[in-house]
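Close look at the chain arrangement
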2 protein chains.
Amino acid sequence: MLKLSRLADYAIVILVKLGEQDGVVTSPALAAITGVPEPTVAKVLKVLSAHGFVLSQRGAKGGYRLARSLADMSVASVIAAVDGQIALTACVGGRECDTGLSCGLCGSWDVINTAIRSTLEGISLESMRPKEACSTVLTQINKLNATQTVREGA
Amino acid sequence: MLKLSRLADYAIVILVKLGEQDGVVTSPALAAITGVPEPTVAKVLKVLSAHGFVLSQRGAKGGYRLARSLADMSVASVIAAVDGQIALTACVGGRECDTGLSCGLCGSWDVINTAIRSTLEGISLESMRPKEACSTVLTQINKLNATQTVREGA
DNA sequence: CGAAACAGGACCATTCAGGTCTTTAATTAG
DNA sequence: CTAATTAAAGACCTGAATGGTCCTGTTTCG
């Protein structure tokens, strides 16, 4: 479904939340703030730390803090860090597809990949912050939940 | 990795290849042309038929042909047909995220989803065709890479 | 009537993402 | 110096879903 991995989703949320805190924050604290299970938060933070998005401080009184401003982090870079390079298909950058094969679509896929990538690069984490629009959205949500039957599924 | 499902990939290739043939083409024939295993080709074609991308003719001498021009099919529509609506995250269109939860990013994701979607809607299957289009495409890529400011980050 | 080919499922299997746990190392507090 | 706290690193399990196969109709042509 061309969907984002949940880890990447978490990473964005965690970074944004982390940016709203003062000083260093422990992963249990972030877990509490975000609602994401603690071990998972820790895992994501380790990846983010390895890629230079956050700075870590070990030991007692340790924790994490942003390595730079949210405005300087693009959605694309976070996704790339967590999930690997954004590549819709196998045959990217002249690399041949899985099998033989006769797809012959050349670099056509590259156009798509580039387009998606630049789209996501143009969106900073700063622009993902809630803002005042939130209230409006929450109202909509409540309205939706009230009116429509939740076709949950399972 | 924000990757396209293989079925959607196949669908695009199949449609493009089908557009290059004359008359109706059987699924075994398309399998031979594309290199994709026949049962899978058949499955994809059934989905495409159900969504009106191809017209089918049953019985002996039957087969498939395009329902309309490749120029009238967007990459987005094909992906949506095969994989379902394009939605990077769970919380889209006011629907709340998985758990509780305090992500609070509200409709921020909608911006991204819309951006991706419109990007893919702007690319027709016609522009995915190989040949002379290839050079043009490469030019586009270079232009994109040159013009846009890469606020990479990592 | 029989062969060819689509229609529409059911169904299995493999992959991999998501998540948990354990151990180790670093840092600070007492 | 010792103990407590917390990140680092990685092994490992599980479950969902994608990818792929197959089977049983149904239609159409020869």
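Here the structure is a predicted model, which is why all the values come from computation and not from measurement.

Reading guide: rules and limits
Residues numbered from 1 in each chain as written. Chains lettered and ligands numbered in written order. Predicted model: local features only at pLDDT ≥ 70, side-chain atom pairs only at ≥ 80, totals over all residues. Heavy atoms only, no water. Near = heavy atom within 4 Å. Polar contact = N/O pair within 3.5 Å; in protein donor to acceptor, adjacent residues only side chain to side chain. Helix = DSSP H or I, 4+ residues; strand = E, 2+ residues; numbered from the N terminus. Nonpolar A, V, L, I, M, F, W, Y, C, P; charged D, E, K, R; others polar. Axes fitted to C-alpha atoms, helices over the stretch in contact; angles between N-to-C directions. Parallel < 35°, antiparallel > 145°, perpendicular 65-115°, else oblique. Left-handed = near helix turned anticlockwise from the far one by under 90°. Contact = heavy atoms within 4.5 Å. Buried < 20%, exposed > 50% of the residue type's maximum accessible area, 1.4 Å probe, protein only. Core = buried A, V, L, I, M, F, W, Y, C linked by side-chain atoms within 4.5 Å. pLDDT = per-residue confidence, 0-100. Pairing = 2+ DSSP bridges. Expected span 1.5 Å × (residues − 1). Arc of directions from axis to C-beta.

1. Quick look at the protein's contact with DNA strand C
- Close to DNA strand C lie 26 residues, the nearest being A:Arg6, A:Leu7, B:Lys46, B:Ser56 and B:Tyr64.
- Expressed as a percentage, the sugar and phosphate content of the atoms of DNA strand C within 4 Å of the protein is 69%.
- Interatomic distance of 2.3 Å between a backbone N/O atom of A:Arg6 and a phosphate oxygen of DNA strand C.
- In the environment of DNA strand C, a base nitrogen lies 2.8 Å from a nitrogen or oxygen atom belonging to the side chain of A:Lys43.
- Contributions of two or more residues to the surface near DNA strand C are made by helix H1 (6-19) and helix H3 (38-50) of chain A together with helix H3 (38-50), strand E1 (54-57) and strand E2 (63-66) of chain B.
- Broken down by class, the residue content of the surface near DNA strand C amounts to nine nonpolar, eleven polar and six charged.

2. Observations regarding the packing of helix H1 (residues 6-19) of chain B against helix H4 (residues 75-83) of chain B
Residue and element names in this part refer to chain B.
- Where H1 meets H4, the closest approach of the two axes is 9 Å, and the angle between their N-to-C directions is 130°. Taken as axis vectors, H1 and H4 run oblique relative to one another. Crossing geometry of H1 relative to H4 is assigned as right-handed. Residue-level inspection shows Leu7, Ala8, Ala11, Ile12 and Leu15 of H1 in contact with H4, the latter providing Val75, Val78, Ile79, Val82 and Asp83.
- Residue composition of the contact of H1 with H4, by class: nine nonpolar, no polar and one charged.

3. Looking at the protein's contact with DNA strand D
- The environment of DNA strand D is made up of 24 residues, and the closest members are A:Lys46, A:Ser56, A:Tyr64, B:Arg6 and B:Lys43.
- In DNA strand D, atoms within 4 Å of the protein come from the sugar-phosphate backbone in 67% of cases.
- At a separation of 2.5 Å, a phosphate oxygen of DNA strand D approaches a polar side-chain atom of A:Ser56.
- B:Arg58 places a polar side-chain atom, nitrogen or oxygen, 3.0 Å from a base oxygen of DNA strand D.
- Secondary-structure elements contributing two or more residues to the surface near DNA strand D are H3, strand E1 (54-57) and strand E2 (63-66) of chain A together with H1 and H3 of chain B.
- Residue composition of the surface near DNA strand D, grouped by class: eight nonpolar, ten polar and six charged.

4. Here's the deal with unusual backbone geometry
All names here are of chain A.
- You will see that Lys61, though not glycine, has its phi angle at about 65°, which is positive.
- Along the chain, Lys61 turns up in the loop between E1 and E2.
- On the basis of relative accessibility, which here comes to 78%, the residue Lys61 falls in the exposed class.

5. Examining the nonpolar core
- Residues A:Leu120, A:Leu125, B:Leu120 and B:Leu125 are the most contacted members of the largest nonpolar core, which totals 74 residues.
- In this structure, A:Leu120 is in contact with A:Ser74, A:Val75, A:Ala76, A:Ile79, A:Ile86, B:Leu2, B:Ile112 and B:Ile116, ignoring residues within four places of it in sequence.

6. Some remarks on the environment of B:Leu45
Residues and elements named next belong to chain B.
- Its place among the elements puts Leu45 in helix H3.
- Counting along the chain gives 37 residues from Leu45 to Val82, while the straight-line C-alpha distance between them is 10.0 Å.
- If near-sequence neighbours (up to four positions away) are discounted, Leu45 is found in contact with Ile14, Ser27, Leu30, Val54 and Tyr64.

7. Concerning the confidence of the model for chain A
- For chain A, the mean per-residue pLDDT works out to 77, and 69% of the residues sit at or above 70.
- Ignoring residues within four places in sequence, the model shows residues 92-102 of chain A, a span with pLDDT below 50, making 18 contacts including any to other chains.

8. Description of the pairing of E2(B)
All names here are of chain B.
- Two strands pair when backbone bridges link them, and E1 and E2 are joined in this way by four bridges, in the antiparallel orientation. The residue of E2 that forms the bridge with Val54 is Leu66.
- Hairpin remark: E1 followed by E2, antiparallel, with five residues in the connecting loop; positive phi at Gly59, about 80°.

9. Some thoughts on H1(B)
Residues and elements named next belong to chain B.
- Compared with an ideal rise of 1.5 Å per residue, which puts 14 residues at 20 Å, H1 spans 20 Å between its outermost C-alpha atoms and is within 8% of the ideal.
- Here H1 lies mainly inside the structure; eleven of its 14 residues are buried.
- When H1 is considered as a whole, its buried residues turn out to be Ala8, Asp9, Tyr10, Ala11, Ile12, Val13, Ile14, Leu15, Val16, Lys17 and Leu18.

10. Quick notes on helix H5 (residues 108-121) of chain B
Residue and element names in this part refer to chain B.
- If you check H5, its first and last C-alpha atoms are 20 Å apart, about what 14 residues at 1.5 Å a residue would give, namely 20 Å.
- When H5 is considered as a whole, its buried residues turn out to be Ser108, Trp109, Ile112, Asn113, Ala115, Ile116, Thr119 and Leu120. Along H5, the residues classed as buried sweep out an arc of 160° about the axis, all on the same side.

11. Some points on the packing of H1(A) against helix H2 (residues 27-34) of chain A
Residue and element names in this part refer to chain A.
- Where H1 contacts H2, the two axes come as close as 10 Å, and the packing angle between them is 105°. In terms of their interaxial angle, H1 and H2 are classed as roughly perpendicular. Of the residues in H2, those touching H1 at Val13, Ile14, Lys17 and Leu18 are Leu30, Ile33 and Thr34.
- Its residues assigned to classes, the contact of H1 with H2 shows five nonpolar, one polar and one charged.

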